Amino acid sequence: MAEPLTTDTPGTARTGGPDGVPAAPDRTAVPAGLPLPHAVYAAIRARADARTAPLVDALLRPSLALEPLADEAPAPEVPAPGGPAPEARGAQAAGPAVGRLGGLPALPRGTGWPEFGGRPMQFLAQLDCAALAAAFRTGGATTGDGDDRSLPGEGLLLFFHDEWISDFTGRGCRVLHVPAGSPAGPAPESELSTPVVPAVPVGAHWRLSAPSYQDQELEDVFPEDFMIALDLASDFRELLPAPDVRVLGWCDTDSGRPAGHRPLLQIESRALDADWGECVNVSFWITDEDLAAGRFDRVRQGFEVA
């Protein structure tokens, strides 16, 4: 059975229960903001007071978890440079398809394959913006911070990164916003990198995302007692487990957080048939202003080493 959602307006007055346990929320209140599982609502109010609890509520963000649509069939071999595009792994199962991880990108004519340090970047994902927006709407994320209106309404987002993880300033990545409908082109020849990994079709599921103790926004709510933020972050990890691939939301990893940026896409290494050495995940970061304006040329890379 699905967990009930609260219908409290953030900040609605609540009466205390026995032994200091917060009373159940007033379910006659009008819904506001994001749908909030009651367990998350209760966890926040068990740690925070009447003033700070609504501030924590306001930090929660919608996101999409991307998951393989099917994996019964074995992954195909990556084609030789100049060869045909690989077939996606497995047959698509019922679900909201939003694109794929790996494979070959739909680069418009005249658009070169991105490089870094003289090497072709590795292609990680191709996501359909219209499908992402539709998946956000199925979760009720029509209001709130970072909803579907933050993404372009159409076209494809193509994500590339430097698989050598050789730049610690965050420049080793590129995100292209291109029109939908372009055919997949051949991969560049390279002895220095593996620009293509096997393709995995993915569908999207709406997920609530919460900050961690590393996010300054959560710490700032409790300037006099960091342990409250630490305990809340632990509750969030238990109640809102992190997916292997997430679009928007909060950062799920110990990657450094570029100031003024939010994660656009996060990918765990186990989600792809790719060798990143000791790197266990990569992320793409963007400012709110650039996201709202559809400017993806200044996206920065983050990563975590085990």
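Every value quoted in this text rests on a predicted model; they were computed, and no experiment measured them.

Definitions and limits used
- What you see as residue numbers is a count from 1 along each chain, following the sequence as written.
- Totals for whole chains, interfaces and linings use every residue, but because this is a predicted model, local features are given only for residues with pLDDT of at least 70 and side-chain atom pairs only at 80 or more, for both listing and counting.
- Each side-chain value is worked out from all heavy atoms of the structure, with water and hydrogens disregarded.
- Put simply, a salt bridge is a Lys or Arg side-chain nitrogen that is within 4 Å of an Asp or Glu carboxyl oxygen.
- Secondary structure is summarised from DSSP: a helix means a run of H or I of at least four residues, a strand means a run of E of at least two, and numbering begins at the N terminus for each.
- Only protein chains enter the accessibility calculation, which uses a 1.4 Å probe; a residue whose area is less than 20% of its type maximum is buried, one above 50% is exposed, and one in between is partly exposed.
- Take the residue count of a helix, subtract one, and multiply by 1.5 Å to get its expected span.
- By construction, the arc corresponds to the directions joining the helix axis to the C-beta atoms.
- Any two residues whose heavy atoms approach within 4.5 Å are treated as being in contact.
- Think of pLDDT as the predictor's per-residue confidence, scored from 0 to 100.
- DSSP bridges decide pairing: two strands pair if at least two such bridges lie between them.
- Here an axis means a line fitted to C-alpha atoms, over the contact stretch when the element is a helix, while the angle between two N-to-C directions is reported on a 0 to 180 degree scale.

## Description of the pattern of salt bridges
Considering all chains together, one arrives at 14 salt bridges under this definition. Between D231 and R47 there is a salt bridge, with the nearest N and O atoms lying 3.7 Å from each other. Pair noted here: D231 is in helix α5 (residues 226–239) and R47 is in helix α1 (residues 38–47), with a separation of 184 residues, a long-range link. For R47, a relative accessible area of 36% translates into the label partly exposed. With its nearest N and O atoms 3.2 Å apart, the salt bridge here joins D297 to R295. Its relative accessible area of 56% is what places D297 among the exposed residues. Of the residues examined, R295 reaches a relative accessible area of 35% and is grouped as partly exposed. Each of D290, R295, D297 and R298 takes part in salt bridges that share partners, so that together they form one network.

## Here's the deal with α5
For α5, built from 14 residues, the straight-helix expectation of 20 Å at 1.5 Å per residue is met to within 8% by its first-to-last C-alpha distance of 20 Å. Here α5 has its buried residues at A229, L232, A233, D235 and F236. Summarising the axial view, the buried residues of α5 lie within an arc of 160°, below the 170-degree limit, and thus occupy one face. Exposed residues pointing more than 90 degrees away from the buried face of α5 are listed as R237 and E238. Elements in contact with the buried residues of α5: α1, α2 (53–57) and α4 (216–221).

## Things to note about the confidence of the model for the protein
Of the residues in the protein, 77% have a pLDDT of 70 or more, and the chain-wide mean is 80. For the stretch residues 1–32, pLDDT sits under 50, and the model shows 56 contacts to residues farther than four places along the chain or on other chains.

## A short note on the sheet that holds strand β12 (residues 261–268)
Spatial strand order, β9-β8-β7-β4-β10-β3-β11-β12-β13-β14: ten strands in an open sheet with antiparallel pairing. Of all the strands in the sheet, just β9 (173–178) and β14 (300–305) have a single pairing partner and so form its edges. In this sheet, adjacent strand axes meet at a mean angle of 25° when their direction is disregarded. Pairing of β12 with strand β13 (residues 279–287), which is carried by seven bridges, proceeds in the antiparallel orientation. What sits directly across from Q266, in β13, is S283. Where helix α3 (residues 129–138) meets the sheet, it contacts β3 (61–68), β4 (97–101), β7 (122–128), β8 (156–161), β9, β10 (200–209) and β11 (245–248), and its direction lies at approximately 60° from that of β7.

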